[in-house]
Amino acid sequence: MTDTKIAYRVSFVSIVGNVALAIFKMIAGIFANSGAMISDAVHSLSDVFSTIIVIIGVKISSKESDNSHRYGHERMECMASMALAIILFLTSIGIGYSGIEKIINGNYQGLSKFGILALIAAVVSIVAKELMYQYTMRNAKKINSSSLKADAWHHRSDALSSVASLIGIGGTMMGIKILDPIVSVIICVVIVKAAFDILKESVDKLVDKSCDNDTIMEMENIVRSIDGVLELDDIKTRLFGNKIFVDIEICADGNLTLYDAHKIAENVHDIIENNFKNVKHCMVHVNPK
């Protein structure tokens, strides 16, 4: 299965799961007179919009190179993940603001006789959203998709907001109504940190940041071990969306024919691209020695 098809499959599961959860939590919130659960339902519904952004980003980034974009469209997925990070940040601010407002105003809402229904809905939401997070993140790492990783964190943020709902509903049942807004503020901080990490990763992929040191060292060791390579003069890497571009300068015997020198460079090119699946293109320059 291609990376694009995996992303589409994961996104479809996310949309169906979020719609089902939103309907269930909305019904439970209305019957239980739980503002926290109704807000939680709206949060789940907003995740559908986030997943649609993922689909659009993956669709555009998977397009083949054309005359206007000779290096491809992979960076469009970074734009999608940046949009998701901003949505995640705004969502967390909304959760935190609501919690602070309730603490300041002392606006602690009581439950109806169906309060247990909201409690069950919160538990179901926590389990379902955590499973969706694990499923989405596992596939995101598999295809190295930053937008899917961002969407996975949307699932976890929803799970965390459901934890707040659960604590708030449970606290209300026990007469400790202030627990709900306090937990909401704590969760806000956690989600803001996740949004910042997603945004930073996306920006790194837009500004030609180098690969991590371990990957570069692994490339260097492989190049030096190739027959005909006398020295590795230079190696440059840059992230391009979820792909990597590599520029290598090697030293070879200056008495070799152009054909033989080209074969060595071609061998370096093929080995790098075959051993590092995210390398989209490797350019090799040969210096004489």
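Residues numbered from 1 in each chain as written. Predicted model: local features only at pLDDT ≥ 70, side-chain atom pairs only at ≥ 80, totals over all residues. Heavy atoms only, no water.

Next up on the list: the packing of helix α7 (residues 213-224) against helix α8 (residues 258-275). Two numbers describe how α7 lies on α8: the axes approach to 10 Å, and their chain directions differ by 140°. Crossing angle aside, the handedness with which α7 passes α8 is right-handed. Contacts between α7 and α8 involve M219, I222 and V223 from the former and V268, I271, I272 and N275 from the latter. (Axes fitted to C-alpha atoms, helices over the stretch in contact; angles between N-to-C directions. Helix = DSSP H or I, 4+ residues; strand = E, 2+ residues; numbered from the N terminus. Left-handed = near helix turned anticlockwise from the far one by under 90°. Contact = heavy atoms within 4.5 Å.)

Attention shifts here to the environment of N139. Among the structural elements, N139 can be located in helix α4 (residues 115-143). For N139, the residues in contact, after removing those within four places along its chain, are I6, R9 and V10. Here the side chain of N139 touches Y135 through a polar contact of 2.8 Å, landing on its backbone oxygen. (Polar contact = N/O pair within 3.5 Å; in protein donor to acceptor, adjacent residues only side chain to side chain.)

Below, the discussion takes up the sheet that holds strand β1 (residues 231-240). Taken together, three strands build an open sheet; the order of strands is β1-β2-β3 and the sheet is mixed. In this open sheet, the two strands that pair with only one neighbour each are β1 and β3 (279-288). Here the average twist between neighbouring strands, direction ignored, is 15°. Judged from the nine bridges that link them, β1 and strand β2 (residues 243-252) form a sheet pairing that is antiparallel. Counted as the bridge partner of D234 is E249 from β2. (Pairing = 2+ DSSP bridges.)

On to the environment of I198. By the element assignment, I198 lies in helix α6 (residues 179-206). Accessibility expressed as a relative area gives 7% for I198, which makes it buried. Taking the C-alpha atoms as reference points, I198 and S44, separated by 154 residues in sequence, lie 20 Å from one another. Discounting residues that sit within four places of it in the chain, I198 has contacts with S81, A85, L88, A150 and W153. (Buried < 20%, exposed > 50% of the residue type's maximum accessible area, 1.4 Å probe, protein only.)

So, about a positive patch on the surface. A grouping of R9, R138, K142 and K277 is seen on the molecular surface, where their side chains present a positively charged patch. Assignment of secondary structure puts K142 in helix α4. (Patch = residues over 30% accessible without salt bridge, like charges linked within 9 Å, V, L, I, M, F, W, Y side chains within 5 Å. Areas by Shrake-Rupley, 256 points an atom, 1.4 Å probe, with all protein chains shown as cover. Salt bridge = Lys/Arg side-chain N within 4 Å of Asp/Glu carboxyl O. Lys, Arg positive; Asp, Glu negative; His and termini not counted. Charge placed at Lys NZ, Arg CZ, Asp CG, Glu CD.)

Turning our eyes to something else, we now look at helix α5 (residues 146-173). Helix length check: α5, at 28 residues, gives a terminal C-alpha distance of 41 Å against a target of 40 Å (1.5 Å per residue), a fit within 8%. Burial analysis of α5 places 21 of its 28 residues in the buried class, which makes it a mostly covered element. The opening residue of α5 is S145, an N-cap whose side-chain oxygen sits 3.2 Å from the backbone nitrogen of L148. One or two positions beyond α5, positive phi appears at G175, with a value near 90°. (Expected span 1.5 Å × (residues − 1).)

The element β2 is extensively covered by neighbouring structure, given that seven of its 10 residues are classed as buried. Between β1 and the antiparallel strand that follows it, β2, lie two residues; G241 among them carries a positive phi value of about 65°. After leaving β2, the chain enters α8 and then returns to the sheet as β3, a path that is right-handed. (Right-handed = clockwise from strand over helix to strand, strands pointing away.)

Let's shift gears to a nonpolar patch on the surface. Nonpolar side chains collect at one region of the surface, where I103, I116, I120, V124, M173, M174, I176, I178, I182, I186 and V190 lie side by side and expose about 940 Å² of accessible area between them. Residue placement: V124 occurs in helix α4. On the basis of relative accessibility, which here comes to 36%, the residue V124 falls in the partly exposed class.

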